[in-house]
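Structural overview for review
Here is how the chains run, residue by residue.
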Amino acid sequence: MTIKELRKRFISGELTPLEYMEELLETIRQKERKINAFTHLEKTDTLLKEAELWTEKYKSGEELPPLAGIPVAIKDNIAVKDMPLTCASKILQEFTSPYDATAVRKLKEAGAIIIGKTNLDEFAMGSTTEFSIFGPTHNPVDLERVPGGSSGGSAASVAAGMVPVALGSDTGGSVRQPASFTDTVGIKPSYGMVSRYGLVAFASSLDQIGVLAKNVEDASLIIRVIAGKDKYDATSRELSVKNIFDAFETIDGVKIGVWKELDNHPAEDGVMKVWDDAIMKASKEFQMIPVSLPDIASGIASYYLIAPAEASANLARYDGVRYAWRVLDASTYKEMVKRTRTIGFGKEVKRRIMIGTFALSAGYQDAFYKKAVAMRYRIMQNFEEAFKQVDVILVPTSPKLPWKIGQKMSPSEVYKADLYTIPVNLAGLPAVSIPAGYVDNLPVGIQVIGKYGEDEKVWAVADKLMGLWR
Amino acid sequence: MDIKVDKELVRKIADMAMLEFSEEEIEEFVSYFEEMFDVFDMLGDISPDYEIPPLPATLHEDEPERRVDYHDLWMRFSLMKNGYLLVPPLRGGDEE
Amino acid sequence: MEYYVHIGFEVHIRLATKTKMFCSCSTEEGEPNTHICPVCLGYPGALPVPNKEAFKYAIKMAKALNGKINKTVIFARKNYFYPDLPKGYQITQHEPPLMEDGYLVLAESGKKIRIIRLHVEEDAAKTLYDSETGRQGENAFLMVDYNRSGVPLAEIVSYPDIHDPDEGVEYLKTLQALARYLGVSEANMEKGEMRADVNISVSTAPDKLGTKVEIKNMNSFKAIHDALEYEIQRQIHALETGETIYQETRMWDEASGKTLVMRRKETSDDYRYFPEPDIPPFELEQEVIDIEPEFDDLHKLYKEVNSWNIDEKKVGFIVYSPEIYKALKYLIEKGVPPKFAVSMYLDEIKGQLEKSGLSLEDRHKDWVVYLHKLISDGKIDNSIAKKIIRKAISQNKEPKEIYEAEFSGPSISEEDIRKTIRDILAKNPDIVQKYKDGKKSVFGFLMGQCMKAFGGKVPAATVKKLLGEELERV
């Protein structure tokens, strides 16, 4: 059931927000123990009371905001007033947010019910949702496998039917890759479209709030609600979106680009098979044009310098001085800060802080950080060139199928699995990952990437393609 | 990469980042850095010089606003005294 | 051996905005930790948004320092850990600064001091030592107040073009006055609105710099002067005795009158500057770039005030006090002679007000205009004017009220004045005789008698003139 259908039923009285909430809570009761999608669930009483309130309002027939009574889950690196904001880290374990993120405020104003906070890799650094103080999230498609990450909790909660939509965040693929792994849809908007105010910064120039849902319509509808320039985020932009319940734009004559160099950087065989099928199906409906993006594979190197560099500064505020947890028996400031951070951060977070600090340090900044930024500009140019010929570009979402929880991989092996998603963040572009097929019952997603600010077009094409591929 | 990573460099970086590591962890970091250098080799010989183009930015007007009640922020303070936040001393008794 | 001193300053001036640099918290003083929000506390998820108004202030200062203006603003993060720094980095303009390659002309000497740069940045929180636990200084717990965290600052860095403590103080006073003339900052050192760090080196060759030593913790011009005097002597002594001068940061200790080592630098700090990703690089709006400051050269003012032919010692004070300069300028434009304006406005009105714990207000300028008019009309003289001022201040009245109630009275005709004078002369024939015999000094006595009889209601000049004439007639 889509959100539009839900709303229709809420209005007709065929289904009430209260009944729907009870259904979801029942699903959560049944599945959450095995999936571990949430880091925090709002109290059942509170949720039922809120749903009941909307039920009454629907009965009275008054004009209600667009998402009235629709439950939404929020990744636990996005601030919801008076709910925990842990980032799945020990260092923020005791922290509750004193304010709402702008995206959350807009959802609340639109009538959404915030059901709880979802699991993630600590500070969104990872692609498996295993690196969490709350333990790993399991993939609803196959409980022994990872749901992807870092928005694995959001993806799993949607995939398991525990919630119709969830907010995630995407710094290098953290919405799209879990969407691909859990057979859901994940939208990463153009950089600046959605305010980052209240999103705990990992890498500020790459981070963007995104949405996970079962279909493109639901996901895009949420973006339409939360989009807009915000006075609390200097990087936010007013980019055009349609009204919340408007139909997608027409896409007659849209030209689809297919990444030419994929053969030099192929995904594993099963993924490639789904990819080839998908391209063939698409070519029956669309004009398909091979496009060259020669440098985007170097995005891995660029990203794994820029993101950690920014993170090393973004995470400096977690010093135990002002809020949350601190080591209490330290005799000096420095000892307190060092021990708090050493105990408070997990292994992967420390790796990123270390490599990022190094990349910025005197004597190394030119050879590492600055070269990485130069490469970033080159990748932007790659896309600019390609978009002279086509409207959107297709690239697989992940070179790998969801792997087993606990599987041994070296850090760089894991990082390299972000190959297809990272260039999109480096260039600040809009993209959607949509389900494209299965290999041995494991889902494969494909990304539709668009020009900066043309998010609506990307969604329209993605919606159409998803129809073809299903 | 012709840059050499050693334990000394790792220790220096750790100190800047306010993190502490055991000897074993420092050795792990040496190999992690080396592993990452192989990834960074993808950058090739691209020049580190680039222009930063200006972009549209949101600025704020000079009108005071209370975004969050300060009591709400105090509640989250780690340790307070007379309205001040309390932080351990810069020097300990045993240091000079 | 001759020694050459090079002094440079890093001055922080708090810009007079109502809100902080990157959030909308008030910059007013208040109870500790009451002007705070998630942004200036560095809470998770909070983002900096630059203050538009701050650039209007900064650009005035930048232009008055005559340098090249960079209209693209790129903020950077300066990374380091310290208890007063909530985010673990300070947001500051690194490359490029708002202004580079400028200069400041010193008010009195007219000497040019080259300015390396001016940039905009945020202030850190204020920290105090908690002495109640019995621990002192750096061994005590720190008490942090974030009201100051994020307040906008302009940092102005000079070349080491200054060669002695007097010149150093002149530089700071000129900069402070400039900020005040421009309305950019109150720049009050006691309130921390202007803070100066100094670097100083002593060498044995004029074109060579010695080892650079930084001094911090000076909260007044006197402290800066004393610290510089001390440090110059300390370094000269070291050079003479062959001791090593370390590149280090020293702290001025007011109590002992000495500079003490704070921190010795083996290597330079690695702040890992990089462009602030939360704020896009942006161009200043044309309306900001087009702002032209109304004052640019304090030395011109100095020469102007000097040309008023007033007490030389007061010239500097007037130039460094924009409100007083502006008031005097106003008076002079109204036709009040400079000397009179200075004596009434500065010595009398300001002096009397201060004795009563009051301060100058705008209306006081018009007192001087009014009194000057009475004097030029021959209605009162200087000493009566002063009396009127005193009474106006002590009775909290306007001079007009005082004059009309006590000094104007029904005006005495010239004939009546002459009559009274003649009566006095008649009562003192022997004195008149002495005058006639050429003992002109008795004139003073007769003058006194007359003034007493008129009770201050007739200007001395009138009395003097008529008394002279009557004496001739006797």
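Since the structure is predicted, the reported quantities are computational estimates derived from the model, not experimental observations. (Residues numbered from 1 in each chain as written. Chains lettered and ligands numbered in written order. Predicted model: local features only at pLDDT ≥ 70, side-chain atom pairs only at ≥ 80, totals over all residues. Heavy atoms only, no water.)

**A short note on the overall build of chain B**
We apply this condition: Strands here are runs of E lasting at least two residues and helices are runs of H or I lasting at least four, both read from the DSSP assignment and numbered beginning at the N terminus. Here the globule rule reads 2.2 Å times residues to the power 0.38, and the radius of gyration is calculated from C-alpha atoms. For the exposure calls, accessible area comes from a 1.4 Å probe over protein chains only, and a residue counts as buried if that area is under 20% of its type's maximum, exposed if over 50%, partly exposed in between. Only four residue types enter the tally: Lys and Arg on the positive side, Asp and Glu on the negative side, with His and both chain ends excluded. Just so you know, the charge point we use is NZ for Lys, CZ for Arg, CG for Asp and CD for Glu.
Across its full length, chain B carries 3 helices and 2 strands. Its helices and strands in sequence order give chain B the pattern α-α-α-β-β, from N to C terminus. For chain B, whose C-alpha radius of gyration is 23 Å, the value lies well above the compact-globule estimate of 12 Å for 96 residues. Taking the principal axes of its C-alpha atoms as reference, chain B extends roughly 55 × 50 × 25 Å. Counting every position in chain B, which comprises 96 residues, the buried fraction comes to 42%. Side chains of chain B give 9 positive and 26 negative charges; the mean places of these two sets differ by 9 Å.

**Some thoughts on unusual backbone geometry**
Among all residues except glycine, the phi angle is most often negative; among peptide bonds, the trans geometry is most common. With an omega dihedral of 5°, the bond running from A:Gly149 to A:Ser150 counts as a cis peptide bond. With an omega of -5°, the peptide bond running from C:Glu95 to C:Pro96 counts as cis. When you line up the elements, C:Pro96 lands in the loop between strand 5 (89-93) and strand 6 (99-105). Of note, the phi angle at A:Asn441 is positive, near 65°, even though the residue is not glycine. With respect to the element layout, A:Asn441 can be found in the loop between strand 10 (431-439) and strand 11 (442-450). Of the residues examined, A:Asn441 reaches a relative accessible area of 67% and is grouped as exposed.

**Details of the confidence of the model for chain B**
This is how the line gets drawn: In predicted models, pLDDT denotes the confidence assigned by the predictor to each residue on a 0 to 100 scale.
The share of residues in chain B with pLDDT of 70 or more is 94%, and the mean pLDDT across the chain is 91. Predicted confidence in chain B is weakest over strand 1 (residues 80-81) of chain B, with a mean pLDDT of 89, and strongest over helix 2 (residues 23-40) of chain B, with 97.

**Observations regarding the pattern of salt bridges**
Residue and element names in this part refer to chain C. Here is the rule we go by: Each salt bridge in this description consists of a side-chain nitrogen of Lys or Arg and a carboxyl oxygen of Asp or Glu lying within 4 Å of one another.
As enumerated under the stated definition, the model contains 72 salt bridges over all chains in all. Between Lys216 and Glu214 there is a salt bridge; the shortest N-O distance is 3.6 Å. With relative accessibility at 24%, the residue Lys216 sits in the partly exposed group. Of the residues examined, Glu214 reaches a relative accessible area of 15% and is grouped as buried. What emerges from the salt-bridge pattern is a single network uniting Glu414, Glu415, Arg418, Arg422, Lys465, Glu469, Glu470 and Arg473.

**Concerning the interface of chain C and chain A**
Note the following rule: The contact definition used throughout considers only heavy atoms, calling two residues in contact when any of these lie within 4.5 Å. Once two parts are put together, the accessible area they lose, assessed with a 1.4 Å probe and summed over both, is termed the buried area. The definition of a polar contact used here is a pair of N or O atoms within 3.5 Å, where within protein one atom must be able to donate a hydrogen and the other to accept one, and adjacent residues in sequence count solely through side-chain atom pairs.
In this assembly, 31 residues from chain C lie in contact with 37 residues from chain A. At the boundary of chain C with chain A, total buried surface from both sides reaches about 2700 Å², with 61% on carbon and sulfur atoms. Interface area lost by chain C to chain A is led by C:Pro44, C:Leu47 and C:Phe81, which between them contribute 23%. There are 1 salt bridge connecting chain C and chain A. Between A:Arg196 and C:Asp278 there is a salt bridge, with the nearest N and O atoms lying 3.1 Å from each other. Where chain C touches chain A, the interface holds 16 residue pairs in polar contact (both at pLDDT 80 or more). For the side of chain C that touches chain A, the secondary-structure elements that each account for two or more residues are strand 4 (75-79) and strand 15 (274-275) of chain C.

**A short note on the environment of A:Pro71**
Residue and element names in this part refer to chain A. If you trace the backbone, Pro71 turns up in strand 2 (residues 71-75). Owing to a relative accessible area of 0%, Pro71 belongs among the buried residues under this scheme. C-alpha of Pro71 to C-alpha of Met162: the two residues are 91 residues apart in sequence and 9.5 Å apart in space.

**Brief notes about the packing of helix 6 (residues 312-319) of chain C against helix 8 (residues 338-355) of chain C**
Two packed helices can be described by the angle between their axes and the distance between those axes. All names here are of chain C. Here is the rule we go by: With axes taken as lines fitted to C-alpha atoms, and helix axes fitted only over the stretch in contact, angles between N-to-C directions fall between 0 and 180 degrees. The scheme is simple: roughly parallel for angles under 35 degrees, roughly antiparallel for over 145, roughly perpendicular for 65 to 115, oblique for anything else. Under the convention adopted here, Pro, Cys and the residues Ala, Val, Leu, Ile, Met, Phe, Trp and Tyr are nonpolar, Asp, Glu, Lys and Arg are charged, and Gly plus all remaining residues are polar.
One way to put it is that helix 6 packs onto helix 8 with a least axis distance of 13 Å and a crossing angle of 75°. With respect to helix 8, the axis of helix 6 lies roughly perpendicular. Counting all contacts with helix 6, which are made through Lys314, Phe317 and Ile318, the residues of helix 8 involved are Val342, Leu346, Asp347 and Lys350. Of the residues belonging to the contact of helix 6 with helix 8, the class tally is 4 nonpolar, no polar and 3 charged.

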